[in-house]
Structures are given as C-alpha cells and as structure tokens.
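# Inside the fold
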Amino acid sequence: RPLPEASTTAPLAAASPLTREISMTRSQAVRTPTFWLLIAAFTLAMLGMGGFHANWIPYFEDLGYSPSTGAWAATAYGICSISIRLLWGILADRYPIRYLMVAQSLITGISIIFFLNIVNVPTLILAGGFHGIALGGFFIMRPLMVANYFGREHLGAINGILRPFVTLSGALSPLLVAGMFDIYGSYKEAFLLIIVTWFAAGAVVYLARPPKNRRTPVEDSV
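The notes below deal with the structure included here. The numbering scheme is per chain: residues are counted from 1 as the chain's sequence reads. Only residues with pLDDT of at least 70 get local features here, since the model is predicted, and only at 80 or more are side-chain atom pairs given and counted; chain-wide, interface and lining totals rely on the full set of residues. The basis for every side-chain value is the complete set of heavy atoms in the structure, and neither hydrogens nor water enter the calculation.

### Side note on the environment of valine 205
Put simply, the rule reads: In this text, helices come from DSSP runs of H or I with a minimum length of four residues, and strands from runs of E with a minimum of two, each type numbered from the N-terminal end. Three labels apply to residues, based on accessible area from a 1.4 Å probe with only protein chains included: buried if under 20% of the type maximum, exposed if over 50%, partly exposed otherwise in between. Residue contacts follow a heavy-atom distance rule, with two residues in contact if any of their heavy atoms lie within 4.5 Å.
Note on placement: valine 205 falls in helix α10 (residues 188-207). The exposure class of valine 205 is buried, given its relative accessible area of 2%. Residue contacts for valine 205: discarding those within four places in its chain leaves Ala41, Arg98, Met101, Val102 and Met145.

What follows is the structure in structure tokens.
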C-alpha cells in the first residue's frame, strides 16, 4: 500500500536546508565577529608578506650572495607555490578550512625561519621552495574561506569591505621592513616580526569559527 503523499515528501523537505547554500548579505556578514576576525587575520598575513618578498634580494646581498644567485630562491618559490596549490585545494575539499588556514599560517612562519639560517646556496633555494609550498595555500584558501563562511551570492560586496584592509596592509609592509632595517641595520629583526605576524594570523583564524547559520554539524561539535 503506498504511503500518503505527505509522508513521502517530508524527508525531502527536511533535507533541502542541508543541500541549499545559505548566503549572507554584506550587512549580515559585517555584524558577525567572524568577519572582523578574518579581516584581522588576513591583514596580519599581508603585513608579513609584501615587505618580506620585496626585500629578498637586498637580504641575500647582505648575506654575500649576488642578485643572480638570489634569483634561484625566487624561482624555487614560484615553482613550488604554483605547483602546490592543487594539493592545498584538494585538502580544502576534505578538511575544515579553518584548521588548514591555521596550519598554513604556522608553516609559513616556520618557512621564514629557514631564511634566517641560510648558510649556502642549497639552503637558500630550499628556503625559497619551502616558503612557496607554505604560501601557495594562502592564495587558494583565503578567498575560499570567505566564500565558505558567508556564501557566494554576495561575495563581491563582502570582499569589497575586506579588500581595502588587506591592500593597505600589503602596501605598508615594505615600508615597515625598510624602516626596521634603517633602525637596526639588518633584516633579522624585521623577519622575526614577520614570523610573529604569521603566527598571530594563525591564532586569529583559529578563533574565527564559521557564523552560526553557516556551520555544519561537524563544525558545531568542535
């Protein structure tokens, strides 16, 4: 005997909220603490990125390497950063992106420690390559994290508020590193500060749990 129509459609009605993406508007997103935590985390990350990359060649020259030798580190960075992004994307499909971003931030901070311990050309190239592996995840997961947290329907409007903070931080980073070099006479202090900014970015990302109306049952349980 067939079941009544209401009984057969009820499970579908219950399942639909689980499969339909909930997108937050810009005004809804900015009222969540998560949004401002992500701004803080991404601002810290960019503060530790632009100035660090812009001063690679001068730093290598301070260590006694020619610009052409230092370019090998930049080449290793570019190759590793691009080639590793597919793997970071696969991991983002399988694991909570918040934890992956924490790991990426910590690994990036650790990769800068390699630059402070360069003793020969192989370690110079290794430092550049390892940094590329770590930072490749940031370029993949930063926009993905915003989309996963707030939905994709109003993503442009939400990014419109987030981007000025990130852009300004990236623009100030070279000035910060150059200023610290003028004060201390070396890049060590600036690089140590950059390590701290990446570790701090990871800590802030850890605090940035998905907004309540965007969480999955697994994320609510952790």
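After presenting the structure, the write-up continues.
### With respect to the nonpolar core
Our working rule: We call a set of buried Ala, Val, Leu, Ile, Met, Phe, Trp, Tyr and Cys residues a nonpolar core when their side-chain atoms join them within 4.5 Å.
Residues Phe42, Phe60, Phe138 and Phe150 are the most contacted members of the largest nonpolar core, which totals 51 residues. For this core, the secondary structure elements donating two or more residues are α3 (33-47), α5 (56-62), α6 (67-94), α7 (97-115), α8 (121-150), α9 (155-184) and α10. Top contributing element to this core by residue count: α8, with nine residues.

### Here we look at the packing of α9 against α10
This is how the line gets drawn: Note on geometry: axes are lines fitted to C-alpha atoms, helical ones only across the stretch in contact, with angles between N-to-C directions running from 0 to 180 degrees. Here the angle decides the label: under 35 degrees means roughly parallel, over 145 means roughly antiparallel, 65 to 115 means roughly perpendicular, and every other value means oblique.
Between α9 and α10, the shortest axis-to-axis distance is 8 Å and the interhelical angle comes to 140 degrees. Judged on the interaxial angle alone, α10 and α9 are oblique. Where α9 approaches α10, its residues Leu176, Val177, Met180 and Tyr184 are matched on the opposing element by Glu189, Ala190, Leu193 and Ile194.

### Notes on the environment of leucine 116
Looking at the secondary structure, you find leucine 116 in the loop between α7 and α8. For leucine 116, a relative accessible area of 26% puts it in the partly exposed group. Sequence separation between leucine 116 and tyrosine 187 is 71 residues; the distance between their C-alpha atoms is 9.1 Å. In this structure, leucine 116 is in contact with Tyr59, Lys188, Phe191, Leu192 and Ile195, ignoring residues within four places of it in sequence.

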